[in-house]
Amino acid sequence: MLAIIGGSGMTQLSCLEISHRQIIRTPYGEPSGPFTFGKVNDYEIVFLARHGHGHTIPPHLVNYRANLWALNTLKPKYVIAVAAVGGIREDMVPGKLVIPDQIIDYTHGRDSTYFNTTDEPVTHIDFTYPYCSATRAQLFKAAKLAGESVIDGGVYAAVQGPRLETAAEINRLERDGADMVGMTGMPETALARELGLNYATLAVVANHAAGRGTNIAAVPLKEIFVVLEAAMVHVRNIIEHLVNCYGD
Ligand code: HPA
């Protein structure tokens, strides 16, 4: 089974032939919503809308621990996290797709680990390469087969939100080495690693980051959603090809 976590602009997976929906309870509380099960080209897929079905859960209030815990009970072969980002690097323009290979965490105050008890040996997961390389490779291969252009690699800066950044903050993120900025990459990516999930992100550039591009102010949300909707056609195309090369 392939698991897809849908971000902004992807509250449902329209290529999915839905079989059923299931609520999964966890020791960490409620996931963002029921899990949608179905098939794409005869392959079993489970889908979760990160921000809830009606896109009502802001990034800092997503119950990442519950989402990943619930997904892990389904033992998916790969987890693909689709995530909207602001583009910092020059070539990361609205509509571009990126498979990031590194992440910098600027979030705070989120429940970011399963290892927060005092009655187990202290555990430090290896997070040198935060995304699963095999999953990234499959995504890249699927994109190639689908004829979709994706940028292979890039540094994702995970910020707290929900506000957008200042121009100075984006300059700082760039100096830190970040290529794109988003609000949901952490702790999701680290929790996936703690659980041993084969997790990779397919980032969709929704807008130029603050102070970049030709806009002097942030692009209105309505325009961002237009970009995201257009990009989702390409995301779905990649997912359809991903299930085709799934067994490889
Ligand atoms: N900043 C942070 N998160 C985002 C952005 C942005 O510009 N665009 C989409 N998610």
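See the structure printed just above.
Residues numbered from 1 in each chain as written. Predicted model: local features only at pLDDT ≥ 70, side-chain atom pairs only at ≥ 80, totals over all residues. Heavy atoms only, no water.

### Here we look at the packing of aromatic side chains
This is how the line gets drawn: Ring geometry is summarised as follows: Phe, Tyr and Trp rings, the Trp one being its six-membered ring, pair when their centres sit within 6.5 Å, and such pairs are stacked at plane angles under 30 degrees, edge-to-face over 60 and tilted between the two. For the purposes of this entry, the term helix denotes a DSSP run of H or I that reaches at least four residues, the term strand denotes a run of E that reaches at least two, and both are numbered from the N terminus. For every residue, the accessible area (1.4 Å probe, protein chains only) is compared with the maximum for its type, and the residue is labelled buried under 20%, exposed over 50%, or partly exposed between those bounds.
Evaluated as defined, the whole model comprises four aromatic pairs. Judged by centre distance (5.1 Å) and plane angle (65 degrees), the ring pair of Tyr-28 and Tyr-114 falls under edge-to-face. Here Tyr-28 is found in the loop between strand S2 (17-22) and strand S3 (35-40), whereas its partner Tyr-114 is found in the loop between strand S7 (102-105) and helix H2 (133-146), with 86 residues between them in sequence. By relative accessible area, which is 24% here, Tyr-28 ends up partly exposed. Ring plane angle 10 degrees and centroid distance 6.5 Å describe the contact between Tyr-131 and Tyr-199, whose orientation is recorded as stacked. Pair noted here: Tyr-131 is in the loop between S7 and H2 and Tyr-199 is in strand S11 (residues 199-208), with a separation of 68 residues, a long-range link. Accessibility expressed as a relative area gives 2% for Tyr-199, which makes it buried.

### Focus on the site of the ligand
For the record, the criterion: Near is defined per residue: the residue qualifies when any heavy atom it owns lies within 4 Å of the molecule or strand. Counting of polar contacts relies on pairs of N or O atoms within 3.5 Å, with two restrictions inside protein: one atom must be capable of donating a hydrogen and the other of accepting it, and residues adjacent in sequence are counted only when both atoms are side-chain atoms. Here a cavity means grid points, on a 1 Å grid over the protein atoms only, where a 1.4 Å probe fits yet cannot get out; a pocket means an open set of points with protein on both sides within 12 Å along at least five of seven lines; lining residues are those with an atom within 4 Å of a point. Each molecule is checked against the cavity or pocket grid, and it sits inside if more than half of its atoms lie within 2 Å of the grid points. Amino acids are sorted into nonpolar (Ala, Val, Leu, Ile, Met, Phe, Trp, Tyr, Cys and Pro), charged (Asp, Glu, Lys and Arg) and polar (every other residue, Gly among them).
Taken together, Ala-84, Val-85, Gly-86, Leu-164, Glu-165, Val-181, Gly-182, Met-183 and Asn-207 are the residues near the ligand. Between the ligand and Gly-86, the relevant distance is 3.3 Å, taken from a nitrogen atom to a main-chain nitrogen or oxygen of the residue. Glu-165 places a side-chain nitrogen or oxygen 2.8 Å from a nitrogen atom of the ligand. Because more than half of its atoms lie within 2 Å of the grid, the ligand is assigned to the largest pocket. Mapped onto the shell around the ligand, the elements with two or more residues apiece are strand S5 (78-87) and strand S10 (180-182). Take the shell around the ligand: its biggest share by element is three residues, from S5. Classifying every residue of the shell around the ligand gives five nonpolar, three polar and one charged.

### Description of H2
The criterion, for reference: A helix is expected to span 1.5 Å for every residue after the first. Think of the arc as the fan of directions from the helix axis to the C-beta atoms. In what follows, a contact means two residues having at least one pair of non-hydrogen atoms within 4.5 Å.
Its 14 residues place the ends of H2 20 Å apart at the C-alpha level, agreeing with the 20 Å of an ideal helix rising 1.5 Å per residue. Every buried residue of H2 is listed here: Thr-135, Arg-136, Gln-138, Leu-139, Ala-142, Ala-143 and Ala-146. Axial view of H2: buried residues confined to an arc of 160 degrees, hence all on one face. Turned more than 90 degrees from where H2 packs its buried face, Ser-133, Lys-144 and Leu-145 sit exposed. The secondary structure elements touched by the buried residues of H2 are S5, strand S6 (97-99), strand S8 (150-152), S11 and helix H5 (221-244). Remark: Gly-147 follows H2 within two positions and exhibits a positive phi of approximately 75 degrees.

### Some remarks on the side chain of Ser-8
Assignment of secondary structure puts Ser-8 in the loop between strand S1 (2-6) and S2. For Ser-8, the side chain forms a polar contact with the side chain of His-55, separated by 3.0 Å. Those residues within four positions of Ser-8 in sequence are excluded, and the remaining contacts are His-51, His-55, Ala-84, Phe-225, Leu-228 and Met-232.

### Looking at unusual backbone geometry
A cis amide bond links Gly-161 with the next residue in sequence, Pro-162, at an omega value of 0 degrees. Here Pro-162 lies in the loop between strand S9 (155-158) and helix H3 (167-176). Omega for the bond connecting Met-186 with Pro-187 falls within 30 degrees of zero, at 10 degrees, which places this linkage in the cis form. Topologically, Pro-187 is positioned in helix H4 (residues 185-195). Even without being glycine, His-55 reaches a positive phi, approximately 55 degrees. Here His-55 is to be found in the loop between strand S4 (43-49) and helix H1 (64-73). Residue His-55 is classed as partly exposed on the basis of its relative accessible area, which comes to 33%. Positive phi, close to 50 degrees, is recorded for Lys-75, a residue that is not glycine. Looking at the element boundaries, Lys-75 is found in the loop between H1 and S5.

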